[in-house]
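# A look at the structure
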Amino acid sequence: MSAATNRAGAAGFMASGLGLALFSSAVFGLSGSFAKSLLETGWTPGAAVAIRLSGAALILVIPAVVALRGRWHQLKDNWLTILLFGVIGVAGCQLFYFNAVSKLSVGVALLLEYLAPTMIVLWLWAASRRRPRALTAIGTLLSLGGLVLVLDLTGSVKVDFVGVLWGMAAAVCLVIYFFITAKQNDTLPPIVLASGGLMAGSILIWIAGGTGLVTMTFATADTQLGPWTTPWWVSIAGLVILSTVLSYVTGIMAARSLGSKVASFVSLTEVLFAVVWAWLLLAELPGAIQLAGGALIVCGVILVRIDELRADKRDAVEPGKDHAALELDHANDVEPVPSERVH
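A few points on the structure. Please read these numbers as outputs of a predicted model, since none were measured by experiment.

The next thing to look at is the environment of Leu75. Tracing the sequence through the fold places Leu75 in helix α5 (residues 73–77). Spatially, the C-alpha atoms of Leu75 and Leu188 are 8.2 Å apart, while their sequence positions differ by 113 residues. If sequence neighbours within four positions are ignored, Leu75 has contacts with Leu68, Ile82 and Val192.

The structure is reproduced here in structure tokens:
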């Protein structure tokens, strides 16, 4: 096979929905490493989140305006969705995740956040008092067992308890984010929701910083990324352009090509990418027990997703089936736009 054929094949794969989805996960997974490189030089999580959200919002505002031409009423119709998305799903989730990263390894912090689908199942189970189907229940139990291993309570290396609380808070925000975006008006372009949410989130963070509710400390010291010592703005550029703007855009393209459910499955590879990036750029790697726990969490989420796909093949609402039962049939069927994660 010629080099030209290989290049054409590689280009075709990257242009496909699957290639775009994997690329989106890979650049999303860089956010923890870029953020931690800044935090280690004196930046606070609030400062990193403020710069990330502000920079990405400014870049995305132009395509958002183009998408809204002639449809400005959509902002008025969906202002509450955009506000809640920005305050909880963007600002809150990222701030809590970066706080977790400041005290835990990138992989452990992300795995804690990925408990959000399990939390959704447990919440709907408790609210409806109806037991989920077997596959969903098994997936939930696997994720909870994985959490125990990730925390490695009996290991020699103790996990920072405050960092765990930050990670769990990020997961709660992600749960709320899922429900918010699942309820959104389908006529609202995804790029508008992303841009509006980033803008609302950045305004909130700057207000919180100005009033002293969130500590804002910036630094201009060089950052360390793998074997390279780079200026601080390199990590900022990577955080804004790669891990936010580019990942959102490719995530939108992948979701439209593959469908939201298939794209959400592929997005689970973000955990793997985040661990690999943290290993390469920060020389940090969760222990063997924690990696095993992470595998259980991801497997649990996959089982829940498979159960939902199987449910989709049946009638949406069976005769005589109540709303609570339907919710448990689709316990994690809440697809945020543009992808299934926001950190």
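Bringing helix α9 (residues 134–151) into the picture now. Along its 18 residues, α9 runs 26 Å from first to last C-alpha, staying within 8% of the 26 Å computed at 1.5 Å per residue. Within the sequence span of α9, burial applies to Thr136, Ala137, Gly139, Thr140, Ser143, Gly146, Leu147, Val150 and Leu151.

It is worth spelling out the environment of Leu53 at this point. Positionally, Leu53 belongs in helix α4 (residues 45–67). Classification of Leu53 by relative accessible area gives buried; the value is 0%. Taking C-alpha positions, Leu53 is 8.9 Å from Ile205, a pair spaced 152 residues apart along the chain. For Leu53, the residues in contact, after removing those within four places along its chain, are Val90, Ala91, Gln94, Leu198, Gly201, Ser202 and Ile205.

Evaluation of the coordinates by the stated rule reveals 5 aromatic pairs. Taken together, a centroid distance of 6.1 Å and an interplanar angle of 35° make the contact between Trp43 and Trp232 tilted. Remark: Trp232 occurs in helix α12 (residues 232–258) and Trp43 occurs in the loop between α3 (31–39) and α4; sequence separation between them is 189 residues. In this structure Trp43 comes out as buried when scored by relative accessible area, which is 5%. Put simply, the rings of Trp43, Trp206, Phe218 and Trp232 touch in pairs and so form one group of aromatic residues.

Attention shifts here to the pattern of salt bridges. In this structure the tally under the stated criterion is 1 salt bridge. Here Lys36 ties to Glu284 by a salt bridge, and the two come within 3.2 Å at their closest N and O atoms. One end of the pair, Lys36, is in helix α3; the other, Glu284, is in the loop between α14 (269–282) and α15 (288–312), with 248 residues separating them in the sequence. Of the two residues examined, Lys36 and Glu284, each falls in the buried class.

Each value, and the rule that gives it
Residues numbered from 1 in each chain as written. Predicted model: local features only at pLDDT ≥ 70, side-chain atom pairs only at ≥ 80, totals over all residues. Heavy atoms only, no water. Helix = DSSP H or I, 4+ residues; strand = E, 2+ residues; numbered from the N terminus. Contact = heavy atoms within 4.5 Å. Expected span 1.5 Å × (residues − 1). Buried < 20%, exposed > 50% of the residue type's maximum accessible area, 1.4 Å probe, protein only. Phe/Tyr/Trp six-rings, centres within 6.5 Å; stacked < 30°, edge-to-face > 60°. Salt bridge = Lys/Arg side-chain N within 4 Å of Asp/Glu carboxyl O.

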